[in-house]
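Structural characterization, general
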Amino acid sequence: MPPKLRELDVQETPEGLALTDPLGLSEQVLILSPEAYYIATLFDGTRSLEDVQALLLREHGSVVPREKLEELLTALEKARFLEDPKLRELAEERLRAYLREPRPMVLADRSYPRDPEAFRRYVETLRAFHEGEVAPASGGLVMPHLEPARVPELYGVAIEAMRRTPPPDRVVVLGVAHRGVAEVAAAWGTPLETPLGPLPVDLEALQALDALLPFELFNSPLAFREEHSIEFPAVFMKAAWSDAAPRVLPLIVSGDPERKAGLDELARALALLAERYPLWPLASVDLSHVGARFGHPPLDRERVTQARSVDRRYLELVAAGAFDAAWASLVPAGNPTYVDAYAAVHAGHRLFVGRGAVLGYALSPEIPTLSAVGAGVIAFSADA
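A few points on the structure.

Rules behind the numbers
- Residues numbered from 1 in each chain as written.
- Predicted model: local features only at pLDDT ≥ 70, side-chain atom pairs only at ≥ 80, totals over all residues.
- Heavy atoms only, no water.
- Helix = DSSP H or I, 4+ residues; strand = E, 2+ residues; numbered from the N terminus.
- Expected span 1.5 Å × (residues − 1).
- Buried < 20%, exposed > 50% of the residue type's maximum accessible area, 1.4 Å probe, protein only.
- Arc of directions from axis to C-beta.
- Contact = heavy atoms within 4.5 Å.
- Polar contact = N/O pair within 3.5 Å; in protein donor to acceptor, adjacent residues only side chain to side chain.
- Core = buried A, V, L, I, M, F, W, Y, C linked by side-chain atoms within 4.5 Å.
- Pairing = 2+ DSSP bridges.
- Axes fitted to C-alpha atoms, helices over the stretch in contact; angles between N-to-C directions.
- Phe/Tyr/Trp six-rings, centres within 6.5 Å; stacked < 30°, edge-to-face > 60°.
- Lys NZ or Arg CZ within 6 Å of the ring centre and 35° of its normal.
- Parallel < 35°, antiparallel > 145°, perpendicular 65-115°, else oblique.
- Nonpolar A, V, L, I, M, F, W, Y, C, P; charged D, E, K, R; others polar.

**Digging into helix 5 (residues 116-128)**
In a regular helix each residue adds 1.5 Å, so 13 residues correspond to 18 Å; helix 5 covers 19 Å between its end C-alpha atoms and thus fits that length. For helix 5, the complete set of buried residues consists of F119, Y122, V123, L126 and R127. Along helix 5, the residues classed as buried sweep out an arc of 140° about the axis, all on the same side. Exposed residues pointing more than 90 degrees away from the buried face of helix 5 are listed as R121 and A128. If you follow the buried residues of helix 5, they end up packed against helix 6 (152-163) and helix 8 (228-240). For helix 5, the N-terminal cap is D115; the gap from its side-chain oxygen to the backbone nitrogen of E117 is 3.2 Å.

**Observations concerning the nonpolar core**
Within the largest apolar cluster, 112 residues are counted, with the highest numbers of intra-cluster contacts made by L141, M162 and F236. The dominant element in this core, judged by the number of residues it contributes, is helix 8, at eight residues. Residues in contact with F236, not counting those within four places in the same chain, are F119, Y122, V123, L126, P148, Y155, I159 and M162.

**A few points about the pairing of strand 1 (residues 9-13)**
With five bridges joining them, strand 1 and strand 2 (residues 16-20) adopt antiparallel strand pairing. Looking across to strand 2, one finds that Q11 is bridged to A18.

**Structural notes on the sheet that holds strand 2**
Here we have three strands laid out as an open sheet, ordered 1-2-3, and antiparallel in their pairing. Of all the strands in the sheet, just strand 1 and strand 3 (30-32) have a single pairing partner and so form its edges. The sheet shows a mean angle of 30° between the axes of neighbouring strands, taken without regard to direction. Here strand 2 runs beside strand 3; their pairing, made up of three bridges, is antiparallel. In the strand pairing of strand 3, L19 is matched with L30. Helix 1 (residues 34-41) rests against strand 1, strand 2 and strand 3 of the sheet, and its axis sits at about 110° to strand 3.

**Examining the packing of aromatic side chains**
Going through the model one piece at a time under the given rule, you end up with twelve aromatic pairs. Aromatic rings pair up to connect Y112, F119, Y122, Y155, F232 and F236 into one cluster. In this structure, K260 packs its charged tip against the face of W327, placed 5.2 Å from the ring centre.

**Considering the packing of helix 5 against helix 8**
Relative orientation of the contacting elements helix 5 and helix 8 amounts to 90°, with a least axis distance of 11 Å. Relative to helix 8, the element helix 5 is oriented roughly perpendicular. Touching F119, Y122, V123 and L126 of helix 5 are V235, F236 and A239, all from helix 8. A breakdown of the residues in the contact of helix 5 with helix 8 according to their chemical character gives seven nonpolar, no polar and no charged.

**Focus on unusual backbone geometry**
Here the phi dihedral of D109 falls at roughly 65°; this positive angle occurs in a residue that is not glycine. Inspection of the secondary structure assignment puts D109 in the loop between helix 4 (85-100) and helix 5. Phi at N335 is positive, roughly 50°, even though this residue is not glycine. Checked against the element boundaries, N335 lands in the loop between helix 11 (323-328) and helix 12 (342-347). Using a relative accessible area of 10% as the deciding quantity, one classes N335 as buried.

What follows is the structure in structure tokens.
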């Protein structure tokens, strides 16, 4: 049977791409070069070694000796990263168990404290960094998913905006799919753990949304395993509304601009769903990703100025409710500063109500990698 690579987690490291097993069936970590990982992905269960050799020669002009392919396959097999019937059975059993349990706090004690009292103190520290008046967000909120320690003032103002807003009954969280999803969006269906207790998921509303869409919504559960664009808003919502935490609909959205028609379908379906299940939208997104870590040259003043200009223009358009113009400001030009917000915000654009106010913006430097990431907060007021 032709070899097939299992679904794995892939992380960039200084040494190369680190492959790990998201289900924990293997404890191995395999470091591959980007070129070797690309070849590994060609082992999809339909191609023999000869087929892979021929494809590399035909498509890329690369002559890869059979011995090199065999070495790669041996390494993948030893790491238990190739499909086999026994592993498939174990994986399906582990996945079924995973889907029955609440989503765990993967980033606790890495990005925020797990202990409830320590977490409350942490939240108050974030709130101490914001300045000025904070508008409530009765019509929805755009907030970052960047590491909180990098932009504490933005998380502080986002938490304060939520605290000033009466707790909604139901929140649709529109996160960014940092790991590929099978469709334009995917949903998670069990409670989300937080330091202050689980945040309930409205499975009935999610199933109703699933029925409105032309694709299976619960399509990529492993994509949620370490998805910070879901975890961060969940823990901070629970902190803001601890006495009356809302039910949530956790969605992650593909950033593939070729899926614009699917995003429009999702936006229409969410608007229809909101007629029966009122939804408060929260987009968990970041803005420009520039510099060496993202495939650009190391940062200079010109690129920093460009990123700030692109981000601020995008925030202004979204705050004004000009969602089509916000999309047009990025995508047709090829999104040169890699703003990751456009797909998730567009998916929820029919849900944001009133006029928005930009409550904060930062371009957060990452000096060791000569890079930076932008983030901002927009509060929409239903009364505006």
